[in-house]
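Coordinates in review
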Amino acid sequence: MVRLPLTPVEVERGQRLGALLRLARGERSMLDVALDARVSPETLRKIETGRIATPAFPTIAAIADVLGLSLDAVWAEINQPERGIEPARPGHRERERLAS
């Protein structure tokens with residue numbers, strides 16, 4: 001199966017997700033959070049650095065739970081455009097989702 005390239009919107013969202021998780025993790029070690037969430041430390045590192053821009057929902061749910069974040073709060077935060085940056089036009093996948 002061929003994976004479509006990520007849109008700029010998806011990449012930005014992944015970067016915001018990573019920043020949010022790093023901030024919420026605070027002084028806790030990446031290893032402790034990853035083990036508590038039952039994900040590999042490498043997966044958490046890649047999410048936090050934006051290398052995995054679209055992680056699986058159960059992965060984010062587990063990490064958010066360990067960090068005490070509600071999924072509603074995570075969703076609201078990662079969908080906020082950066083201040084001073086014009087929102088990108090919806091990509092093909094987003095147009096399909098909006099049309100349905």
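Above this text is the structure in question.
A few points on the structure. Each chain has its residues counted from 1, following the order in which its sequence is written. With pLDDT at 70 or above as the cut-off, local features in this predicted model cover only qualifying residues; side-chain atom pairs require 80 or more to be listed or tallied, and sums for whole chains, interfaces and linings still use all residues. Side-chain descriptors were evaluated using all non-hydrogen atoms of the structure, hydrogens and water having been removed beforehand.

1. Thoughts on the overall build of the protein
- Looking only at helices and strands, one finds six helices and zero strands in the protein.
- Burial status follows relative accessibility: with a 1.4 Å probe on protein chains alone, a residue under 20% of its type maximum counts as buried, one over 50% as exposed, and anything between as partly exposed. Split into buried and exposed, the 100 residues of the protein put 31% on the buried side.
- A separation threshold of at least 6 residues defines the contact pool for the protein, and within that pool the share at least 24 residues apart is 66%.
- Accessible surface computed for the protein: about 7000 Å², of which carbon and sulfur atoms make up 56%. Helix and strand definitions follow DSSP, with helices as H or I runs of at least four residues and strands as E runs of at least two, each counted in order from the N terminus. Residues are treated as being in contact if the distance between any of their heavy atoms lies within 4.5 Å. Only the protein chains shown count as cover for residues, with accessible areas throughout obtained via the Shrake-Rupley method and a probe of 1.4 Å.

2. With respect to the nonpolar core
- Ranked by size, the top nonpolar core spans 16 residues in total, and within it Leu17, Leu21, Ile47, Ile60, Ile63 and Val74 carry the most contacts.
- Contributions of two or more residues to this core are made by helix 1 (8–25), helix 2 (30–37), helix 3 (41–48), helix 4 (57–67) and helix 5 (71–78).
- Per-element accounting of this core gives the leading share, five residues, to helix 4.
- Apart from the residues within four sequence positions on either side, valine 74 is in contact with Leu17, Leu20, Ile60, Ala64 and Leu69. For our purposes a nonpolar core is just a set of buried Ala, Val, Leu, Ile, Met, Phe, Trp, Tyr and Cys residues, chained together by side-chain atoms within 4.5 Å.

3. Details of unusual backbone geometry
- Positive phi values are uncommon outside glycine, yet arginine 38 reaches one of about 60°.
- Here arginine 38 shows up in the loop between helix 2 and helix 3.

4. Observations concerning the pattern of salt bridges
- By salt bridge we mean one thing: a side-chain nitrogen of Lys or Arg within 4 Å of a carboxyl oxygen of Asp or Glu. Inspection of every chain in the model, using the stated rule, returns four salt bridges.
- Close ionic contact of glutamate 12 with arginine 16 constitutes a salt bridge, the shortest N to O distance being 4.0 Å. Placement of both glutamate 12 and arginine 16 in helix 1 is noted, with a separation of four residues, approximately one turn of the helix.

5. Some remarks on the environment of alanine 53
- Mapping alanine 53 onto the fold places it in the loop between helix 3 and helix 4.
- Residues alanine 53 and glutamate 10, spaced 43 residues apart in sequence, show a C-alpha to C-alpha distance of 6.6 Å.
- Not counting residues up to four positions away in its chain, the partners in contact with alanine 53 are Leu6, Glu10, Val11 and Gly14.

6. Looking at helix 4
- Regarding helix 4, the residues found buried are Thr59, Ile60, Ile63, Ala64, Val66 and Leu67. End-on, the buried residues of helix 4 take up no more than an arc of 160°, which puts them together on one face. Seen from the open side of helix 4, the exposed residues pointing more than 90 degrees away from its buried face are Phe57, Pro58 and Asp65.
- Against helix 1, helix 2, helix 3 and helix 5 lie the buried residues of helix 4. Throughout, the arc means that of the directions going from the helix axis to the C-beta atoms.

7. Notes on the side chain of threonine 59
- Mapped onto the elements of the fold, threonine 59 is located in helix 4.
- By relative accessible area, threonine 59 is classed as buried at 18%.
- Excluding its chain neighbours within four sequence positions, the residues that come into contact with threonine 59 are Val39, Thr43 and Ile47.

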